[in-house]
Structure formats: structure tokens, C-alpha cells
Amino acid sequence: MRVLVIEDETPLREQLTAQLRSEGYAVDAVSDGIEGLYFGNEYPVDIAILDLGLPKLSGIEVLKRWRSEGRTFPVLILTARGGWQDRVAGLEAGADDYLCKPFHMPEVLARLRALVRRAAGWASSVVSAGGIELDTSAQNVRAGGVPVELTAFEYKVLEYLMLHAGEFVSKTDLTEHLYDEDADRDSNVLEVLVARLRRKLDPQRTLAPIETLRGRGYRFRFERPHSVSVKPHETTLNVGNKPEQNGFTNRSGHTR
Ligand code: CA
């Protein structure tokens, strides 16, 4: 997951960056509104942490411009304690959640996880499909009920693929969402990592949860059991493949 941090207080920005990286997030960190606006528009951001009091362009203005230009990634705003008017203005400008300074890092992490999960259409903190369970709170994984030991980075790869279960994720997409601008990117590393992840998840090769699509990318092949936010235009009448049910399906093909 790629997090954009926009915060002008250097110690706070550096602390957020270091802690998020230690949790396996890719982090782009900037210190003013103009640069923040640019990063949000130009980079594949999964979520932004946005301070409201920023030099050059206020956080509220950054947020309004992102939203008016169609950027839909979740935004967590940082506000001063007691600044309830700022929080209202932020939420009305398109923020998804807020935190008052000073905050505790576990709360930042919990809110980020919830926002990213929700944005991908998952309600529960345990993401489960095809016998693989990924607990986004405890950050652990079980396959067929058996705990699987993953490194922080292997976990992030699986998390990204599972949050987008059933969807094709190109190597470029995966690289861009898992590595920030400062990272040394190498697609061979990604291939080795996915191969290791497959062995750990599926040592007997019976589930084959991660498909490779012609060497270009990957797909977690088990689709989500249900979706919390199916948009009307993604709903199609279930004709043909399951005539006996004759209900509506979401895009993953499951009858609701
Ligand atoms: Ca500030």
C-alpha cells in the first residue's frame, strides 16, 4: 500500500514515514500543499495523510482540488485538538476520517487499515476468500486454517492482491503500489517474492490462489464472497450461468 504523507512539521513527518515504512507501507512524504497536490494527482496513491495547516496551499484546498479532479483515494486529515471547525470543513471537503494531534501511532495504523479496506469494498477486518484468511488487524494469514508465516513485505503483496481479489493486477500496478519513489524497484525481485508467497500459502499446490497472467501480472483467483458497495452500473442480471437462481449478481459473479 502506498501512503502519501503531507505534513510540514519535520519531526512528525519523519516519524510517520519511518513507522509506516517499518509496517511495510510504501511512503511518499512531502512538506507543503503544492507538492502534496502534485503527488496526489500524479502517483498511484492508496491513501493520503493530510495535515490541514500547510505552507503554500492549505490542506482543505489540496483536498478540494483532488476531489474536483476525480481523485477518490481515502484521505485521513490531521487537525489540531479542539479544532472542530477544521474537522467539519475537512470532512465536507471530501476527507474520510480525521485524527487530532498529538496522536498515537497504533491509532493512525488502525485508521489507515480500515480506510484502505473500506475503499476496496471490504467491511470486515478479516479478508477471506478461497480458504485464505488475511487478518488486517493482527496482520496475520491462515491458509486452510493453518497459520502462515510471512515477512512484512510478503504480507503487503498478498494484502494488495486479496483486497483486489478476482481482479487482474499488472506487475507495474503492484510495483507502483508497493514501492515508493525512493525504493529500488526490480521486477525480478517481485517475481521471486510471489513465488515464495505461493509456496508458503500452498505448499501442496492444491489451492493455487495466485494466478500469473501471461507473465504480465497476477490475480488472486478466489473472488470475494460478497461486496459491501456494489455500484448500480456494476450489477448485471444473472442470466444463463445460474438460471435456477435468477437473481442479481455483482461483478464477481456471486448472487446477492
Ligand atoms: Ca502544519
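Peer 1: Sorry, what's going on with the sheet that holds strand β12 (residues 217-220) here?
Peer 2: Two modes of strand pairing occur in sheets, parallel and antiparallel, and in both the strands are linked by backbone hydrogen bonds. The sheet built from three strands is open, its strands ordered β10-β12-β11 with antiparallel pairing. Each having just a single partner strand, β10 (169-170) and β11 (210-213) make up the two edges of the open sheet. Sheet topology places β11 next to β12; four bridges connect them, and they run antiparallel. Its bridge partner being in β12, L213 is matched across the sheet by G217. Each of β10, β11 and β12 touches helix α6 (residues 152-163); the most contacted strand, β12, lies at about 70° to it.

Peer 1: Can you walk me through the sheet that holds strand β7 (residues 132-135) in this structure?
Peer 2: Spatial ordering of the open sheet is given by β6-β7-β8-β9, a layout of four strands whose pairing is antiparallel. Looking at strand neighbours, the two that pair on one side only are β6 (126-129) and β9 (146-148), the edges of this open sheet. Shown here is a sheet whose adjacent strand axes are inclined to one another by a mean of 25°, direction ignored. With four bridges connecting them, β7 and strand β8 (residues 140-143) associate as antiparallel partners. Bridge pairing links L134 to V141 in β8.

Peer 1: How should the nonpolar core be read in this particular structure?
Peer 2: Considering soluble globular proteins, one finds that nonpolar side chains tend to be buried as a cluster. In terms of nonpolar packing, the biggest core is built from 56 residues, with V3, L50, L158 and L161 touching the most fellow members. Taken domain by domain, this core gets at least three of its residues from each of domain 1 (2-120 + 231-245) and domain 2 (126-220). Contact partners of V3, with chain neighbours within four places excluded, come to L20, Y25, V27, D46, I47, I49 and L112.

Peer 1: Help me understand the environment of D86 in this model?
Peer 2: Within the fold, D86 resides in helix α4 (residues 84-92). A C-alpha to C-alpha distance of 9.9 Å links D86 and Y98, two positions 12 residues apart in sequence. Leaving out residues up to four positions away in the same chain, D86 has contacts with L52 and T79.

About the thresholds
Residues numbered from 1 in each chain as written. Predicted model: local features only at pLDDT ≥ 70, side-chain atom pairs only at ≥ 80, totals over all residues. Pairing = 2+ DSSP bridges. Helix = DSSP H or I, 4+ residues; strand = E, 2+ residues; numbered from the N terminus. Contact = placed C-beta atoms within 7 Å. Axes fitted to C-alpha atoms, helices over the stretch in contact; angles between N-to-C directions. Core = buried A, V, L, I, M, F, W, Y, C linked by C-beta atoms within 7 Å. Buried ≥ 20, exposed ≤ 12 C-beta atoms within 10 Å, placed from the backbone. Domains from an automatic or database assignment.

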